[in-house]
Amino acid sequence: MTKNTKILLIYTGGTIGMVKDYESGTLKPLNFGKLLKNIPELYQLDCEIESVSFKKPIDSSNMSPEHWVEIVSLIEQHYQSHDGFVVLHGSDTMSYTAAAMSFLLENLSKPVIFTGSQLPIGDLRTDAKENLITSIQIAALREKGEPVIQEVGLYFEYKLYRANRTTKINAEHFEAFASLNYPPLVESGVHLKVNYEYLLRNGRTKKLHAHKQLDNNVVILKLFPGLNKIVFQSILNIPGLKALVLETYGAGNAPTEAWLISALREAIEKGLHVVNVTQCSGGSVIMGQYETSEQLQELHVINGKDITTEAAITKLMYLLGSQVSPKLLKTIFETSLRGEMQ
Ligand code: ASP
């Protein structure tokens, strides 16, 4: 890290920059200038920091694909002039945005680190300062003239994860995220411990391709005992629906009832892409391991393996937006594009 290392801070909103509205008692996003005044420590860091902010910072519950494209465009615009990017984002939907970013930024060879906090930066007990400062330090890490991190990461509570492997697991603890199917890329203790063997390395040979088309004719359906035929059929028949992420039980299992299998068969024959992901937080879909997933396999349901639901839905939006041929979508989905699955 040197003062020559330039980091761009992109502020989208989230608790990190919120203040309490005294009238309503709710937390609302603050403007960026005020946010930076709360962190004089930033100026002690051994890198140059520039910042840009969403015109209107948002609670991440209001994030949308249009906002994702705004972040992609900001990164694309500043890609040559900056060595790394830190995106400040609400934690509620951070895993979705960060996973989407991993797909949209093809051939990324610089760090894009998402972070935020559970308590506002102005709060005495805030987790925001550590998250922000360490994220910047990680984004600025360089070895032999190359950035150490060359992918989209998510830093929270002393750990940097591969972003598209994460899920928000806790609304109370400072340790708000987990990556149950992939180890942390960096652990922050007295020193920053980089787990080199787990990093994606793209090198600089290929040019960044910033994708901006997403197709959100997609839906997530979590199976539950008692799901009835009318509800299930209605979801499969939503006008314009192109893809469904089906959160199944355990290792990818579903009821074997004839109505469910024939509804799925009909929808798949009509062109609906169905992805099997497990509703367990960790582990993988293994179609064919149990009798209860055999029929899904016979229907050529797409195998989501150990992908998170967040990565599955954003990968679908990206692939559909990229006009991937329907015949190839299954094969491409089942291939790891950015280290998001086995
Ligand atoms: N509601 C907030 C958001 O996601 C929570 C947070 O930032 O942690 O924007």
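Residues numbered from 1 in each chain as written. Predicted model: local features only at pLDDT ≥ 70, side-chain atom pairs only at ≥ 80, totals over all residues. Heavy atoms only, no water.

Undergrad: I'd like a rundown of the site of the ligand, residues and numbers included.
TA: The environment of the ligand is made up of Gly14, Thr15, Asp59, Ser60, Gly90, Ser91, Asp92, Ser117 and Gln118. The side chain of Ser91 places a nitrogen or oxygen atom 2.4 Å from an oxygen atom of the ligand. Ser117 has a polar backbone atom sitting 3.2 Å from an oxygen atom of the ligand. Burial of the ligand by the surrounding chains reaches 90%, relative to a free accessible area of 260 Å². The residue makeup of the shell around the ligand, split by class, is no nonpolar, seven polar and two charged. (Near = heavy atom within 4 Å. Polar contact = N/O pair within 3.5 Å; in protein donor to acceptor, adjacent residues only side chain to side chain. Areas by Shrake-Rupley, 256 points an atom, 1.4 Å probe, with all protein chains shown as cover. Nonpolar A, V, L, I, M, F, W, Y, C, P; charged D, E, K, R; others polar.)

Undergrad: So what's going on with the nonpolar core? Residues and values would help.
TA: Counting residues in each nonpolar core, the largest one holds 51 residues, and the members touching the most others are Leu105, Val112, Phe114 and Phe333. Not counting chain neighbours up to four residues away, the residues in contact with Phe333 comprise Val275, Ile302, Gly304, Ile307, Ala312, Lys315, Leu316, Leu319 and Met341. (Core = buried A, V, L, I, M, F, W, Y, C linked by side-chain atoms within 4.5 Å. Buried < 20%, exposed > 50% of the residue type's maximum accessible area, 1.4 Å probe, protein only. Contact = heavy atoms within 4.5 Å.)

Undergrad: Can you tell me about the pattern of salt bridges, naming the residues and giving the values?
TA: Counted by the stated rule, this structure contains 12 salt bridges. In this structure, the salt-bridge partner of Lys168 is Asp92, at a minimum N-O distance of 2.7 Å. Separated by 76 residues along the polypeptide, Lys168 in strand S12 (residues 167-168) and Asp92 in the loop between strand S5 (84-88) and helix H3 (94-104) bring together distant segments of the chain. The salt bridge partner of Lys193 is Glu187, with a shortest N-O separation of 3.6 Å. What makes Lys193 partly exposed here is its relative accessible area of 47%. In this structure Glu187 comes out as partly exposed when scored by relative accessible area, which is 28%. (Salt bridge = Lys/Arg side-chain N within 4 Å of Asp/Glu carboxyl O. Helix = DSSP H or I, 4+ residues; strand = E, 2+ residues; numbered from the N terminus.)

Undergrad: Please set out unusual backbone geometry residue by residue, giving values where relevant.
TA: One non-glycine residue, Glu157, adopts positive backbone phi at about 50 degrees. Summarising the element assignment, Glu157 is placed in the loop between strand S10 (152-156) and strand S11 (159-162). Residues other than glycine seldom take positive phi values, yet Lys305 does so here, at roughly 45 degrees. Its location among the elements puts Lys305 in the loop between strand S20 (302-303) and helix H8 (309-321).

Undergrad: How would you sum up the pairing of S10? Please name residues and give values.
TA: Burial analysis of S10 places five of its five residues in the buried class, which makes it a mostly covered element. Burial along S10 is two-sided: Val152, Leu154 and Phe156 facing one way and Gly153 and Tyr155 facing the other are all buried. Here strand S7 (residues 112-115) runs beside S10; their pairing, made up of three bridges, is parallel. Residue pairing for S10: Ile113 is matched across the bridge by Gly153. Two strands pair when backbone bridges link them, and S10 and S11 are joined in this way by four bridges, in the antiparallel orientation. Opposite Gly153, over in S11, you have Arg162 as the bridge partner. The turn linking S10 back onto S11 is made up of two residues, and Glu157 within it adopts a positive phi angle of 50 degrees. (Pairing = 2+ DSSP bridges.)

Undergrad: Residue-level account of the environment of Thr309, with values.
TA: With respect to the secondary-structure elements, Thr309 resides in helix H8. The exposure class of Thr309 is buried, given its relative accessible area of 11%. In this structure the C-alpha to C-alpha distance between Thr309 and Leu9, which are 300 residues apart in sequence, comes to 27 Å. Those residues within four positions of Thr309 in sequence are excluded, and the remaining contacts are Ile220, Val245, Glu247 and Val277. In this structure the side chain of Thr309 is engaged in a polar contact, spanning 2.5 Å, whose partner is the side chain of Glu247.

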